[in-house]
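Structural overview for review
Residue strings, one per chain:
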Amino acid sequence: MARLGIRTTAAAMGAAVLLVTGCSSGDGGDDLITIDPATAAVSPATTSTPDGVVHPYSGLIDSITFDPITRSAVLVADNPRSVLVVPADGLSGADPASTGRPITLNSDVRDVSIAADGNALLSMDRQVVKLKLTSGEQTSIPVDGQTNSAVELTDGRIAIGTDNGSVHIVDPKTDQSQKVSGFASVDELAVTGDNLSALDHRQTSLTAINLEDGKLGVALRAGEGATHLATDRFGRILVTDTTGNELLVFTADPLLMHQRYPVGESPYAVAYDETADRVWVTLTATNEVVGFDLSSGIPVETGRFKTVRQPNSLAVDSSNGNLIVGSATGDGLQVIPSREN
């Protein structure tokens, strides 16, 4: 998971340039041309009152992930390390932490994704933990290496990205697995229908993975320093180019870049409201969160809100449009009703 730091300045690279594709035999790693991964800009102190409601929260919030089935948010924080599952109703209370379920784990969580049937996948050191959000029950899937990301495929298999540039595709029912290599690192994964795509921070690239033959497909440059992605109900992959100050919009079948749009300084966290069909992006350089409508072919701004300092994490409750923003400097947990305007 990206940590607080000065935004990396990378050499200018052409967006949507076709990269040389690798294979599944272990190509990549030290043979690849890489850059230092981009990180969020260090936010200035806030000079005005953040919008919505800000709740005090113990810890520096690393990530927020919202599950629409159980209507609960998974909050991962550092210093002190903690994982908390908070029901949506508790997010609007006076003290969300008091209504949440604390989760005890044996190592740091680098990424969280939502799986089927009210489960979340927690990417950790040498394992992925499948967490049942309603009960706290945990099932561990061993992984050979540091896990950066994990997603559940439509057939129930789990794709796991590691920091050594490999994707492990595991069937929890049979323990059978396959390995696809060729990346510098696999930092985030996106499932759109039957398609799987991987975001590589060190190559700032988005690559299609052929699940049938276990090989890499088309790879496209993702701006100058991509950091996070989200998917929408149309099968698009929405990527923040933190170094290039742009929002990039891809489709996966085939992998193509359709839009790139300047959105402000240091776009970082990204979330999608499937009911309102809006993509929301945090701007860490200005302590803002901005919403865009993508339906016209060019992103159109639909809302802009002031946030807590260092808004490195973002989720949205699509049932009501509430934005959930986390501060990575200990300034609290913010809830913004985005549909009141």
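Our next topic: the pairing of strand β4 (residues 82-87). Successive side chains on a regular strand alternate, one facing one side of the sheet and the next facing the other. Sheet topology places strand β3 (residues 72-78) next to β4; 6 bridges connect them, and they run antiparallel. Residue pairing for β4: Val76 is matched across the bridge by Val83. Hairpin geometry of β3 and β4 is characterised by an intervening segment of 3 residues between the two adjacent antiparallel strands and by a positive phi of about 50° at Asn79. Across 3 bridges, β4 lies against strand β5 (residues 101-103) in antiparallel orientation. Residue Val83 lies in a different strand from β5, and its bridge partner there is Ile103.

Attention shifts here to the sheet that holds β4. Spatial strand order, β2-β3-β4-β5: 4 strands in an open sheet with antiparallel pairing. Whereas interior strands pair on both sides, the edge strands pair on one side only; in this sheet they are β2 (60-67) and β5. In this sheet, neighbouring strand axes are inclined to one another by 20° on average, regardless of whether the strands run parallel or antiparallel. As paired strands, β2 and β3 are joined by 7 bridges and run antiparallel to one another. When the sheet's bridge partners are listed, Ile64 is paired in β3 with Leu75.

Our focus in this paragraph is the sheet that holds strand β13 (residues 195-200). Sheets are built from strands paired through backbone hydrogen bonds, the pairs being either parallel or antiparallel. An order of β12-β13-β14-β15 is seen for the 4 strands of this open sheet, with the pairing classed as antiparallel. Strands with a single pairing partner mark the edges of an open sheet, and in this sheet they are β12 (188-192) and β15 (215-221). The sheet shows a mean angle of 25° between the axes of neighbouring strands, taken without regard to direction. Summarising the sheet, β12 and β13 pair through 5 bridges and their orientation is antiparallel. When the sheet's bridge partners are listed, Leu189 is paired in β13 with Ala198.

A word on the pattern of salt bridges. Applying the stated criterion to the full structure yields 13 salt bridges. The salt bridge partner of Glu152 is Lys130, with a shortest N-O separation of 3.7 Å. Linking Glu152 in strand β8 (residues 138-152) with Lys130 in strand β7 (residues 119-132), this pair joins segments that are 22 residues apart in sequence. Classification of Glu152 by relative accessible area gives buried; the value is 18%. On the basis of relative accessible area, Lys130 is assigned to the partly exposed category, the value being 26%. Between Asp273 and Arg339 there is a salt bridge, and its shortest N-O distance comes to 2.9 Å. Of this pair, Asp273 sits in strand β20 (residues 267-273) while Arg339 sits in the segment after β26 (333-337), and the two are 66 residues apart along the sequence. Members of the salt-bridge network, linked through shared partners, are Asp232, Arg236 and Asp277.

Analysis parameters
- Residues numbered from 1 in each chain as written.
- Predicted model: local features only at pLDDT ≥ 70, side-chain atom pairs only at ≥ 80, totals over all residues.
- Heavy atoms only, no water.
- Pairing = 2+ DSSP bridges.
- Helix = DSSP H or I, 4+ residues; strand = E, 2+ residues; numbered from the N terminus.
- Axes fitted to C-alpha atoms, helices over the stretch in contact; angles between N-to-C directions.
- Salt bridge = Lys/Arg side-chain N within 4 Å of Asp/Glu carboxyl O.
- Buried < 20%, exposed > 50% of the residue type's maximum accessible area, 1.4 Å probe, protein only.

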